[in-house]
Amino acid sequence: MEKTLNQFTLGEQGVVKSVGGEGKIKRRLFDMGITPGAEIMLRKKAPLGDPIEITVRGYELTLRKTEAACVNMVVASETATTAKESGAK
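Now for a quick tour of the structure. (Residues numbered from 1 in each chain as written. Predicted model: local features only at pLDDT ≥ 70, side-chain atom pairs only at ≥ 80, totals over all residues. Heavy atoms only, no water.)

**Quick look at the environment of Arg57**
Line of reasoning, step 1. Its location among the elements puts Arg57 in the loop between strand S4 (52–56) and strand S5 (59–63).
Line of reasoning, step 2. Given the relative accessible area of 53%, Arg57 is considered exposed.
Line of reasoning, step 3. Considering only alpha carbons, one finds Arg57 and Gly33, 24 residues apart in sequence, at a separation of 7.1 Å.
Line of reasoning, step 4. A polar contact of 2.5 Å, which involves the side chain of Arg57, links it to the side chain of Thr35. (Helix = DSSP H or I, 4+ residues; strand = E, 2+ residues; numbered from the N terminus. Buried < 20%, exposed > 50% of the residue type's maximum accessible area, 1.4 Å probe, protein only. Polar contact = N/O pair within 3.5 Å; in protein donor to acceptor, adjacent residues only side chain to side chain.)

Set out below in structure tokens:
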């Protein structure tokens, strides 16, 4: 299943499919290590849902919901199923 990072629930994991957004936002996300293929886990959400804290490439990162909405993800359970179907081990 595909969804944007801002739609994730606590503890949910996935892989970055693509990064959208305008020039400055996209560049900033790339500079922070959020690139296609990177594995991300949602660690925390603020009481009102903004900001969120994720784990990416072994470190914790805090993003605004508007930034997280630019990150298109494939949920981890689907990633594992797709890998099994393609014969990957």
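**Some thoughts on the nonpolar core**
The tendency in soluble globular proteins is for nonpolar side chains to be buried side by side.
Line of reasoning, step 1. With 20 residues, the main nonpolar core has Leu5, Val16, Leu29, Ile34, Ile40, Ile54 and Leu63 as its most contacted residues.
Line of reasoning, step 2. Discounting residues that sit within four places of it in the chain, Leu63 has contacts with Leu5, Leu29, Met32, Ile34, Asp50, Pro51, Ile52 and Ile54. (Core = buried A, V, L, I, M, F, W, Y, C linked by side-chain atoms within 4.5 Å. Contact = heavy atoms within 4.5 Å.)

**Quick notes on the environment of Lys26**
Line of reasoning, step 1. Tracing the chain through its elements places Lys26 in helix H1 (residues 23–31).
Line of reasoning, step 2. Separated by 45 residues in sequence, Lys26 and Val71 place their C-alpha atoms 9.1 Å apart.

**Points about the pattern of salt bridges**
Line of reasoning, step 1. A complete count under the given rule lists seven salt bridges for this structure.
Line of reasoning, step 2. When the shortest N-O distance is used, the salt bridge between Arg43 and Glu53 registers 3.1 Å. One end of the pair, Arg43, is in strand S3 (residues 39–45); the other, Glu53, is in strand S4, and 10 residues separate them in sequence.
Line of reasoning, step 3. Among the residues examined, Glu53 registers a relative accessible area of 18% and is labelled buried. (Salt bridge = Lys/Arg side-chain N within 4 Å of Asp/Glu carboxyl O.)

**Some words on unusual backbone geometry**
Line of reasoning, step 1. Residue Asp50 is joined to Pro51 through a cis peptide bond whose omega torsion reads 10 degrees.
Line of reasoning, step 2. Within the secondary structure, Pro51 sits in the loop between S3 and S4.
Line of reasoning, step 3. One non-glycine residue, Arg57, lies in positive phi territory at about 55 degrees.

**Some remarks on the side chain of Glu67**
Line of reasoning, step 1. On the secondary structure map, Glu67 appears in helix H2 (residues 65–68).
Line of reasoning, step 2. Glu67 gets classed as buried once you look at its relative accessible area, which sits at 7%.
Line of reasoning, step 3. There is a polar contact of 3.0 Å between the side chain of Glu67 and the backbone nitrogen of Arg64.
Line of reasoning, step 4. Leave out the neighbours within four places in its chain, and Glu67 touches Arg28 and Leu29.

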